[in-house]
Amino acid sequence: MGRSSKDKRDIYYRLAKEEGWRARSAFKLLQLDHEFNLFSDVNRAVDLCAAPGSWSQVLSRKLRGREEKGEKANGSEEVKIVAVDLQAMAPLPGVTQIQGDITKVSTAQEIIHHFEGQPADLVVCDGAPDVTGLHDVDEYIQAQLLLAALNITTHVLKPGGTFVAKIFRGKDVTLLYSQLKIFFSSVTCSKPRSSRNSSIEAFVVCENYSPPEGYVPNMSNPLLDHSYDVDFNQLEGPNRVIVPFLACGDLSAFDSDRTYPLQLDTGKEYQYIPPTQPPIRPPYEQACHLRKHNLLSREDAPSISPTQSRVEPEP
Ligand code: SAM
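To keep things clear, this report deals only with the structure shown in the data block. (Residues numbered from 1 in each chain as written. Predicted model: local features only at pLDDT ≥ 70, side-chain atom pairs only at ≥ 80, totals over all residues. Heavy atoms only, no water.)

Moving on, we come to the site of the ligand. As a structural note, the neighbourhood of the ligand is formed by 18 residues, with Gly53, Ser54, Asp85, Asp101 and Asp126 the closest of them. Contact distances for the ligand include 3.4 Å between an oxygen atom and a backbone N or O atom of Ala50. Taking Leu86, its main chain carries an N or O atom lying 3.4 Å from a nitrogen atom of the ligand. For the ligand, whose free accessible area comes to 600 Å², the fraction covered by protein is 85%. Considered class by class, the residues forming the shell around the ligand number nine nonpolar, six polar and three charged. (Near = heavy atom within 4 Å. Polar contact = N/O pair within 3.5 Å; in protein donor to acceptor, adjacent residues only side chain to side chain. Areas by Shrake-Rupley, 256 points an atom, 1.4 Å probe, with all protein chains shown as cover. Nonpolar A, V, L, I, M, F, W, Y, C, P; charged D, E, K, R; others polar.)

What sets the pattern is the α-helix's 3.6 residues per turn: residues three or four places apart point alike. Among the residues making up helix α8 (residues 285–292), those that are buried are Glu285, Cys288, His289 and Leu290. Just past α8, the residue Asn294 takes up positive phi, approximately 55°. (Buried < 20%, exposed > 50% of the residue type's maximum accessible area, 1.4 Å probe, protein only. Helix = DSSP H or I, 4+ residues; strand = E, 2+ residues; numbered from the N terminus.)

Packing of helix α6 (residues 135–156) against helix α7 (residues 173–183) brings their axes to within 11 Å, and their N-to-C directions diverge by 5°. When the interaxial angle is binned, α6 and α7 end up roughly parallel. Within the contact between the two elements, α6 uses Ala143, Leu146, Leu147, Leu150 and Thr154 and α7 uses Leu176, Gln179, Leu180 and Phe183. Each residue belonging to the contact of α6 with α7 can be placed in one class, and the counts come to seven nonpolar, two polar and no charged. (Axes fitted to C-alpha atoms, helices over the stretch in contact; angles between N-to-C directions. Parallel < 35°, antiparallel > 145°, perpendicular 65-115°, else oblique. Contact = heavy atoms within 4.5 Å.)

This paragraph deals with a nonpolar patch on the surface. Together, Leu134, Val137, Tyr140 and Ile141 give the surface a local cluster of nonpolar side chains, amounting to about 340 Å² of exposed area. Mapped onto the elements, Val137 comes out in helix α6. You can call Val137 partly exposed: its relative accessible area is 35%. (Patch = residues over 30% accessible without salt bridge, like charges linked within 9 Å, V, L, I, M, F, W, Y side chains within 5 Å. Salt bridge = Lys/Arg side-chain N within 4 Å of Asp/Glu carboxyl O.)

Turning our eyes to something else, we now look at the sheet that holds strand β6 (residues 184–192). Hydrogen bonds between backbone groups are what pair the strands of a sheet, and the pairing can be parallel or antiparallel. With mixed pairing, the eight strands of this open sheet are ordered in space as β3-β2-β1-β4-β5-β7-β6-β8. On the outer flanks of this sheet lie β3 (95–99) and β8 (245–248), each paired with one strand and no other. Mean inter-strand twist for the sheet, computed between neighbouring axes without regard to direction, equals 20°. In this sheet, β3 lies alongside strand β2 (residues 80–85) in parallel orientation, the contact comprising five bridges. Paired with Val82 across the bridge in β3 is Thr96. Helix-sheet contacts for α7 involve β5 (157–168), β6 and β7 (201–209), and the interaxial angle to β6 is about 135°. (Pairing = 2+ DSSP bridges.)

Each aromatic ring pair is characterised by the separation of its centres together with the angle its planes make. Considering all chains together, one arrives at six aromatic pairs under this definition. Here Tyr12 and Phe254 contribute two aromatic rings whose centre-to-centre distance is 6.5 Å and whose plane-to-plane angle is 80°, an arrangement assigned as edge-to-face. Of this pair, Tyr12 sits in helix α2 (residues 11–19) while Phe254 sits in the loop between β8 and α8, and the two are 242 residues apart along the sequence. Ring centres of Phe183 and Tyr215 lie 4.9 Å apart, and the angle between their planes is 80°; on these two criteria the pair is classed as edge-to-face. Placement of the pair is Phe183 in helix α7 and Tyr215 in the loop between β7 and β8, with a sequence separation of 32 residues. Relative accessible area serves as the criterion here: at 25%, Tyr215 is assigned to the partly exposed category. Through a chain of ring-to-ring contacts, three or more aromatic side chains come together here, namely Tyr12, Phe27 and Phe254. We note Arg61 situated over the ring of Trp21; from NZ or CZ to the ring centre the distance is 3.7 Å. (Phe/Tyr/Trp six-rings, centres within 6.5 Å; stacked < 30°, edge-to-face > 60°. Lys NZ or Arg CZ within 6 Å of the ring centre and 35° of its normal.)

Looking now at helix α3 (residues 26–36). Counting buried residues along α3, eight of its eleven residues qualify, which places the element largely inside the surrounding structure. Ala26, Phe27, Lys28, Leu29, Gln31, Leu32, Asp33 and Phe36 are the residues of α3 that are buried. With its phi angle positive at about 50°, Asn37 sits one or two positions after the end of α3.

α6 packs onto helix α5 (residues 105–114) with a crossing angle of 40° between their chain directions and a minimal axis gap of 9 Å. Regarding α5 and α6, the two cross each other, and that crossing is right-handed. On α6, the residues that touch Thr107, Ala108, Ile111 and Ile112 of α5 are Ile152, His155 and Val156. For the contact of α5 with α6, the class distribution of residues is five nonpolar, two polar and no charged. (Left-handed = near helix turned anticlockwise from the far one by under 90°.)

Bear in mind that shape data such as this cannot, by itself, settle questions of function.
Shown next, in the form of structure tokens:
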């Protein structure tokens, strides 16, 4: 495969590099913001599952950009952005990083500590587990991650705040909608133009955080906790929660399932641009190392820890 083959296949991948985004997913958040005006009145934002950092870049450019222009959201409050991921991420201006797990209370405490006890105005989560290819398993794990993101959000979000998260529209998605509706007065499922139609990925935009009276934030998992008081039958028939669905991104935006010519501006020769910032220590590092050295099928393949060796990304 040539260096530019991904450029040929994916217009958003190409544009991300041209505009200096670390990943094409930046466009998803930009298009969601275009539709839902996510960043107005936001001074404290949390990016869950942030690596390699394109959503944090969007937050940084939008919120700090506004601050630099003297357009602060709430009076004179300073903009603060916290990014959390299991993986290390290259630094970004104005973004504090926590290398941690979103399922842990200690991570919630670190976020609050950074905000000096103040709650966040916005929490976004583009979290995804490593996809196995087994659809039921992938959907289940994604649902678990979304619930973990919701749990940590209940620790850090202010009443009235907004939560945006990736969701897989699988067969049990209405159960997730019901759980989100317990905490937010408005839940919308949205599909940005930059998210491929062929993917079941979409995003829930949950507005106006209003937890039930007496709710105490916790990290328990309602799908595993059998004492959780939900009668699953209530979620069927007329009681099923149906949330609005909204395609977002200007209709003139590029269609992520289409192939566009490499040369968009006529007369200009296509120039390959290297990725803005590849992940610095990705979990696939060991597999790449073994494949590169033809060690994958050998029983005596050495086990290396990610800190022992750095594998440069494929060109
Ligand atoms: N939004 C990112 C961006 O724009 O660059 C891309 C996020 S990537 C699709 C998904 C991330 O979720 C991975 O970096 C992975 O490490 C992270 N993740 C998965 N499970 C996590 C967990 N339990 N805690 C923190 N991060 C997690």
